[in-house]
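# Descriptive analysis of the structure
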Amino acid sequence: MKTTNPVLSRFGHAERERTAGYAQPGPYGQPGYPQQYQPYPQQQYATGYDTPVTPATAAPMTLDDVVVKTVTMLAILGGAAAATWVLVPDQLLGAAWLGGAVVGLVLGLIISFSRMANPALVVAYSVIEGVFVGAVSKTFESFYDGIVLQAVVGTFGVFFVMTMLYKARVIRATPKFTKIMIAIMGGLFATMMINLVLSLFGVNTHLRDGSGLAIVFSLVCIVVASLSFVLNFANIEEGVRMGLPQRYAWTAAFGIVVGLVWLYLEVLRLLSYLQGDD
């Protein structure tokens, strides 16, 4: 299945790498195999006889691998967020917020469009994103007591529901669904970036000011962020079926964590709008 998910689309590239070379004929005229998958490579010993040697192949990715990597990323992110909450003074929260957002965005784009899974970059992203989430959470909590716990419960509650819906095949990542989701997510990302730039010049689009339009916009983002998990689950399922290398479990986990962070931030915003000045 060809995927257009910008976070997990490198699965397809990995599969092409894994199967590259099959069209080439083998040394003895048999159907071609890539070098690492030659059925009986020969090794010459001092005796002069050729002895078959079985090549070592990378372990395939499993669902358990993805679960472990996802939990690991969330643990690192949560630890960095807690450290930021405790160690960063209030007067530096703005710098931590902005710095974490910029560096996290850059790392996220590098991971999303890189040609290979890179565990070190994924771990670094978890740390930076933890700093960003910790700064944002502490800021919101200073204005709205208890809002962070509510947002965390709401985020994982939505994730659990989407997991159950996908497992029951109530929602499926059909080609049409995937194309529509990619288009909507791209449009939302562009809208948020434009809104951010305009806000720097004092232009208020009312998308993030707590107005009725802001509430609707956050609700749309929450729905789209929730549905994005369907794309992640489908790509993970396909990656396991294709037997992709185990290291791609980090890429799969990264996709899920990105969705969770986005969902958490939108839930946090929505709750702040609803609480208002109370």
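All chains use their own residue numbering, which begins from 1 and follows the written sequence. Local features in this predicted model are restricted to residues whose pLDDT is 70 or higher, and side-chain atom pairs enter the listing and the counts only when it is 80 or higher, whereas totals over whole chains, interfaces and linings include all residues. Hydrogens and water molecules were not included; the side-chain quantities draw on all heavy atoms of the structure.

## Points about the overall build of the chain
The helix and strand tally for the chain stands at eight helices and two strands. Note on conventions: DSSP H or I runs of at least 4 residues are helices, E runs of at least 2 residues are strands, and numbering of each starts at the N terminus. Secondary structure elements in the chain, listed N-terminal to C-terminal, are α-β-β-α-α-α-α-α-α-α. Buried, partly exposed and exposed residues are distinguished by accessible area as a fraction of the type maximum, computed with a 1.4 Å probe on protein chains only: under 20%, between the cut-offs, and over 50%, respectively. In the chain, which comprises 278 residues, the proportion classed as buried is 41%. Every accessible area reported is derived by Shrake-Rupley at a probe size of 1.4 Å, with residue values counting cover from the shown protein chains alone. About 15,100 Å² of surface is accessible on the chain, with carbon and sulfur atoms providing 68% of the total.

## Some remarks on unusual backbone geometry
Positive phi is not limited to glycine here, since Arg169 has a value of about 60°. As for its placement among the helices and strands, Arg169 is situated in the loop between α5 (147–167) and α6 (175–200). Of note, the phi angle at His206 is positive, near 65°, even though the residue is not glycine. Its place among the elements puts His206 in the loop between α6 and α7 (212–242).

## Considering helix α4 (residues 119–143)
By definition here, a helix of n residues has an expected span of 1.5 Å times n minus one. In this model, α4 (25 residues) spans 36 Å end to end at C-alpha, consistent with the 36 Å of a helix rising 1.5 Å per residue. For the purposes of these results, a polar contact is taken to be a pair of N or O atoms within 3.5 Å, where, inside protein, one atom must be able to donate a hydrogen and its partner to accept one; residues adjacent in sequence count only when each atom of the pair is a side-chain atom. Sitting at the head of α4, Asn118 places a side-chain oxygen 3.2 Å from the backbone nitrogen of Ala120.

## Considerations on the confidence of the model for the chain
In the predicted model, the chain carries a mean pLDDT of 82, and 78% of its residues have values of at least 70. Residue range residues 1–12 is modelled with pLDDT below 50. Its contacts to residues more than four positions away, or to other chains, number 34 contacts. The predictor rates its confidence in each residue with pLDDT, a number between 0 and 100. Here a residue-residue contact requires only that any non-hydrogen atoms of the pair lie within 4.5 Å. Note on residues 14–56: pLDDT under 50 across the span, and 53 contacts to partners over four residues away in sequence or across chains.

## A few points about the environment of Leu263
Take Leu263: it is sitting in helix α8 (residues 248–275). Overall, the relative accessible area of 0% leaves Leu263 in the buried class. For the pair Leu263 and Thr155, spaced 108 residues apart in sequence, the C-alpha separation works out to 6.2 Å. Once you skip the residues sitting within four places of it in the chain, Leu263 turns out to touch Thr155, Val158, Ile222, Ala225, Ser226 and Phe229.

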